[in-house]
Amino acid sequence: MISRRLVLFLLFVTVVSPLILFKERLGTFTKFPDSILEYSGEHKSRVLSAADNGAHSGEATGGNESHIDQITSQIRENAHIEQVTSQYQFCHPNLILPCLFPVKQETNKLENNGRRRSRKAHSERQISSPPMPDANVRHMKDQLIRARLYESFGSVGTDHDFIKELRTRVKEIQRALGDTTKDSDLPMNAYEKLKAMEKTLARGKQNQDDCSAVVKKLRAMLQSTEEQMQAQKKQTMFLNQLAAKTLPKDNVLATSVVVNSTIVHAKDPEKHVFHIVTDKLNYAAMKMWFLSNPPGDAAIQVQNLEEFTWLNASYSPVLMQLGSSSMKDYYFRGHPTNIDTNLKYQNPKYLSILNHLRFYLPEIFPKLHKVLFLDDDVVVQKDLTPLWSIDLQGKINGAVETCQESFHRFDKYLNFSNPLIAKNFDPQACGWAYGMNIFYLKQWRKHKVTELYHSWQKLNHDRLLWRLGTLPPGLITFWKQTFALERSWHVLGLGYNPNIDPKEIERAAVIHYNGNMKPWLEISMPKYRQYWTNYVDYDQAYLRECNINP
């Protein structure tokens, strides 16, 4: 009897107690899946009922075999519980509670399933993704690079048969490619040539197994390509500068487009007066052009710069500087090393006083109170009459600001390492554009702006405050005297920027071909050229004689 009670007590301790602990822990967590909670409860009730039945039957029969069967039955039940609970990790070491995730065996199953799903999704993406455009052309160009690589290795070079075959394949690929950029333009036998080259390259791969040599050679080829690209960029910049100077900037045809486009869009053309200032080289041609091609009801005046006798070196510091020996050396004698070598600032247009006439408007037009300034590389697309009614709020210059991008701020144009510049100006101040400006000459005279311009030009005689050009001194001269116009009045960049939004161009009152790619040059961008050619009469007799075509 003692032994039976001892056995029952031990069974009670080993089976019932842990399940009570489980039940107590279970009452504190209720957010696990029902399947797990139900599964645990099933075993709890089953074990408790077995223990109760065993106790009563043991007491009734009193047989040793029934004791052994009962014990082994409980052991099997305990083993089953341990097997079930061992399939789960415990969320916390102090809680006998199954987590959401099985242990290693089940984790491996999930990982395997996840990998299978990932591979399936990847294959589906590959099937659904569109093929690379012109893949054969790209492949053939890649083959030529690999062929050059194999040909340069010494170990491969000893295989004369392979080298001969490789060079033959290179010629075939080069002939098939030509200048082609699209697969549709390749010859019919191109794919056969591609496969033949691939077989030859596979032989080269077998002959050359030194990966370090391949990497070294590729790096050398990359460096050489980068150097060639930089040289090409410099040559392109030089040629663009050269092409931009093939026609004078203030040419007759460009000026006629400005006048024609303004008149076409003007609501009251008869109220417009055009004042054109040019040099003696272009004066006769300009005057004759507008005599034979009058701008409708508008009035036009052509003036010769040479007649401005007051504009001389004793009055204008910039004229004195333009005639200095250092300036001539900069342009015509090989450019000393202590002078800026940026090609942009070596453009001889900066030697022309015509480029600086914008600072002498009150003197050129002493009886006018307000003028609209237009460069000769612009096209007018809207009526400009509303500009006259804009209140400049006492400012002198109405202009469109260009600081939507950070590099069009004052620190781009002025030398803020110079204390004089740093003391007087803000490096983050917004820049603005020449090309279409409304100038209030009455305020100009009142504030003596031309004198201010002269004083800064004298301070910059050694070009340490700013480099050449008219915008930097303009930013200084009209500092705190510029009124920002709405951006649609003046859209810039058609002479250098291929990414201007077409809607922005269409909305613009004035579009500006600033940059080297002027619309009358062969290097102009075709997508922008029509905006300019719309206002050229190519049937005009002089244009036909000069063989000028759209």
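Before reading further, recall that the structure is shown in the block above.
The numbering scheme is per chain: residues are counted from 1 as the chain's sequence reads. A pLDDT threshold of at least 70 governs which residues receive local features in this predicted model, and a stricter bar of 80 or more applies before side-chain atom pairs are shown or counted, although totals over entire chains, interfaces and linings include all residues. Calculation of side-chain values draws on the structure's entire complement of heavy atoms; hydrogens and water are dropped beforehand.

A closer look at the pattern of salt bridges
Then comes step 1: Salt bridges are defined by distance alone: a side-chain nitrogen of Lys or Arg within 4 Å of a carboxyl oxygen of Asp or Glu. Counted according to the given criterion, the structure contains 8 salt bridges.
Then comes step 2: A salt bridge links Glu 198 to Arg 146; its shortest N-O distance comes to 3.1 Å. A residue pair is termed long-range when its members are at least 10 positions apart, and Glu 198 in helix α8 (residues 190–207) and Arg 146 in helix α5 (residues 135–151) qualify at 52 residues.
Then comes step 3: The class of Glu 198 is partly exposed, set by a relative accessible area of 28%.
Then comes step 4: Between Glu 172 and Arg 169 there is a salt bridge; the shortest N-O distance is 3.3 Å. Here Arg 169 and Glu 172 lie together in helix α7 (residues 160–177), a separation of 3 residues that amounts to about one turn.
Then comes step 5: For each residue, the accessible area found with a 1.4 Å probe, counting protein chains only, is set against the maximum for its type, and the residue is called buried under 20%, exposed over 50%, and partly exposed in between. Exposure remark for Arg 169: the relative accessible area of 21% places this residue in the partly exposed category.
Then comes step 6: Where salt bridges share partners, they join Asp 142, Arg 146 and Glu 198 into one cluster. Numbering goes from the N terminus for both helices and strands, where a helix is a DSSP run of H or I of at least four residues and a strand is a run of E of at least two.

Re the nonpolar core
Then comes step 1: Buried Ala, Val, Leu, Ile, Met, Phe, Trp, Tyr and Cys residues form a nonpolar core when they are joined through side-chain atoms within 4.5 Å. Leu 414, Ile 421, Phe 425, Tyr 434, Phe 439, Trp 444 and Phe 478 are the most contacted members of the largest nonpolar core, which totals 38 residues.
Then comes step 2: Contributions of two or more residues to this core are made by α12 (317–322), α14 (361–364), β5 (370–374), α15 (410–413), α17 (441–447), α18 (449–459) and α19 (471–477).
Then comes step 3: Counting residues in hydrophobic clusters, the runner-up holds 31 residues, among them Tyr 513, Trp 520, Trp 532 and Tyr 535.

Some words on the sheet that holds strand β7 (residues 397–400)
Then comes step 1: Strand pairing is assigned whenever DSSP identifies at least 2 bridges connecting the two strands. Strand order in the open sheet formed by 4 strands is β5-β8-β7-β9, with mixed pairing between adjacent strands. Taken across any chain shown, the strands that pair with only one partner, and hence form the sheet edges, are β5 and β9 (482–485). Neighbour-to-neighbour, the strand axes of the sheet open up by a mean angle of 25°, direction not taken into account. The axes are straight lines fitted to the C-alpha atoms, using for helices just the contacting stretch, and the angles between their N-to-C directions are given from 0 to 180°.

Focus: the sheet that holds strand β11 (residues 510–512)
Then comes step 1: Ordered by their spatial adjacency, 3 strands build an open sheet running β6-β11-β10, and the pairing between neighbours is mixed. The open sheet has two edge strands with one neighbour each: β6 (378–380) and β10 (490–491).
Then comes step 2: Where β6 meets β11, 3 bridges bridge the pair, whose relative direction is antiparallel. Across the sheet, residue Val 378 finds its bridge partner in β11, namely His 512.

Things to note about unusual backbone geometry
Then comes step 1: For Gln 393, which is not glycine, the phi dihedral falls at a positive 55°.
Then comes step 2: In this structure, Gln 393 sits in the loop between β6 and β7.
Then comes step 3: Among the residues examined, Gln 393 registers a relative accessible area of 57% and is labelled exposed.
Then comes step 4: The phi dihedral of Arg 463 is positive, around 60°, even though this residue is not glycine.
Then comes step 5: Position of Arg 463 relative to the elements: it lies in the loop between α18 and α19.

None of this, on its own, says anything about what the molecule does.
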